[in-house]
Amino acid sequence: SALVVVDGVVINGGMQDINPQDIESIEVVKGAAASSTYGARAQDGVIQITTKSGATAGQGARFNVRSETGITDIQGAYPFAQRHFMVMDEQMNNFCVIVTNQPACSRTVDFQEHALYVNDNGDAVDARAPFGFERDAGIGQAMSKPYLKATFQANQWPVRFNPVNAAVTPNLYSNNNVDMSGRFGNTGFFASASNLVQEGAIKFLDGYRRNTARLNVDQAVGEDLTMQVSTLYARTTNYPQLDFFRMTRVPAGVDLTRRDSQGRLFIRSNPLNQGQQNQNPLYDAENFSSRTNVDRYLGSFTSRYTPFPWLDFEGNAALDRRRDNGWSLTEKGYRVTRSNQSTAYLGSYSENAGSDASYNLSLNGTARQNNPFGINDLQTRLNARYSFERSDSDGLSAGGGTLAVPGLLDLANVTVYGTPGSSTSSVRAIGMLGGIAVDYKGKYIFDAVYRQDGSSLFGSEERWHAYSRGSMAWRLSDEGWWPLKGSVNDMKLRASVGTAGGRPGFNYQYETFN
């Protein structure tokens, strides 16, 4: 994925914690231009995001309030089979079931009543085994080719449902944002706070929550020195998602929202053969519990010093710190389609926690000179850059099954422990860059950059790699001999060459060849 840089902070994770209302501009850098500037991490390009600031604000303070409230819905529905291939009675109301040593269709059942029978007459944890339906050629049945060639989904369901509509519900969407920007003296500022509630469009799910607070400050110290501080703090909460794969296996004759005599959603809403391994997805949505909490801080400090009109220096220090913790619970007594197929009814509980911190530091110097060596209309620019990056990550997880009691969110409730896990990683990188740009009369343009990139992810014998780019341009339309001045005002030829590359993942160092 592309390298994302927000206000000089090299992002070590997703972008979901950033409030879109804070963004001022987005720039995409690709290919050799990205690699020569950012090194091996820019193998898929760079997305540079700049958030709002008070750098150009007028004196005083200005406030902005934005509030959105609505309901959520899915973008579209997938097409599903409206007919089936089972054998039915002459009235096309009931379905024929298989009875040993009896002729075909000697016994029939009402599909809806049989679904209730299956779910209402099992034991405390699993559904009752359904009858076998005549010509049930669904998944899991190894039918012969001659049999399948004569099997068509041609029969109408006596009662038809829409599984997509059964799962969708209009839940709340609320996004509230307030910000303040302005300037007092030489100090510009931008501050914002936001609250997002996005419950999604699926029944029994709680969706996503996000709260953010941002403060960006620009300070001018005289005419030669400026400083900028950019900070963001975000807290998010994420709840479970629906297994849409099993949703696609639901035929039109199945009611996903139906409950048994004890008020429980049908675990085996589909009494056909495929219903054993494709249980009711809404049962999971209502009964499986999990929660992930994240708090994140992004901060950067940038200082720019211009001792002479032709020389400036810039330094940047940035931090992306993310901490998360979560738990998941499959309750004791969780129902299954068949207890000999799954032990989920015994219950399980797990916890996890993680911490990620990414630091990056850069120093940049740029020198410019007009008319060097007495050559009029010649402009030159030299720049040098040093960067350092460090990314540390730690994680811990533990859990197990066979819960002692229902409803207790604690690892002490686990009686059969699983294998705990932990992970730690540290990645460091150094980059050094030098570049030159020459422009003569705006007609002849040359630009070149060379970068040396070192990383702990490179092999011990290949710690450093070089990246470079060069380009030339010739604006033909500015030449005196250009014959099309009246019709073509700007004509430029451009050629460029460069190198790009990536760096291996952290786990690659443990790979071996057989």
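Look up: the structure comes first, before these words.
As a starting point, this report considers the structure included with it. (Residues numbered from 1 in each chain as written. Predicted model: local features only at pLDDT ≥ 70, side-chain atom pairs only at ≥ 80, totals over all residues. Heavy atoms only, no water.)

Concerning the packing of aromatic side chains
Summed over all chains, the structure comprises 13 aromatic pairs. On the basis of an interplanar angle of 65 degrees and a centroid distance of 5.0 Å, the ring pair of F111 and W157 is categorised as edge-to-face. Of this pair, F111 sits in helix α2 (residues 111-120) while W157 is found in the loop between β9 (155-156) and α4 (163-167), placing the two residues 46 residues apart along the sequence. Look at F111 and you get buried, because its relative accessible area is 3%. Overall, the relative accessible area of 6% leaves W157 in the buried class. Here Y283 and Y334 contribute two aromatic rings whose centre-to-centre distance is 5.2 Å and whose plane-to-plane angle is 75 degrees, an arrangement assigned as edge-to-face. On the criterion of sequence distance, the pair formed by Y283 in helix α6 (residues 281-287) and Y334 in the loop between β15 (311-330) and β16 (348-370) is long-range, its members being 51 residues apart. Like Y334, Y283 is buried. Between the NZ or CZ atom of R385 and the centre of the ring of Y38, over which it lies, the distance is 5.8 Å. (Phe/Tyr/Trp six-rings, centres within 6.5 Å; stacked < 30°, edge-to-face > 60°. Helix = DSSP H or I, 4+ residues; strand = E, 2+ residues; numbered from the N terminus. Buried < 20%, exposed > 50% of the residue type's maximum accessible area, 1.4 Å probe, protein only. Lys NZ or Arg CZ within 6 Å of the ring centre and 35° of its normal.)

Details of the nonpolar core
Formed by 33 residues in total, the largest nonpolar core has its most connected members in M86, F95, F111, F133, W157, L242 and L256. In this view, F111 contacts F95, F133, W157, G253, V254, N270, P271 and L272; residues no more than four positions away in its chain are not counted. (Core = buried A, V, L, I, M, F, W, Y, C linked by side-chain atoms within 4.5 Å. Contact = heavy atoms within 4.5 Å.)

Regarding empty space enclosed by the protein
Evaluated as defined, the whole model comprises 5 cavities of 30 Å³ or more. Forming the boundary of the largest cavity are 13 residues, of which Y38, E389, A429, R451 and D453 lie nearest the centre. Looking at the lining of the largest cavity, its residues break down into 5 nonpolar, 3 polar and 5 charged. (1 Å grid on protein atoms, 1.4 Å probe; cavity = no way out; pocket = protein on both sides within 12 Å on 5 of 7 lines; lining within 4 Å. Points joined across faces, edges and corners; volume = space filled by probe spheres on them. Nonpolar A, V, L, I, M, F, W, Y, C, P; charged D, E, K, R; others polar.)

Comments concerning the state of the cysteines
Structurally, a disulfide amounts to a covalent bond that connects the sulfur atoms of two cysteines. According to the stated counting rule, one finds 1 disulfide in the structure shown. Sulfur-sulfur distance for the disulfide between C96 and C105 comes to 1.6 Å. Judged by its relative accessible area of 0%, C96 is buried. Among the residues examined, C105 registers a relative accessible area of 31% and is labelled partly exposed. (Disulfide = S-S within 2.5 Å.)

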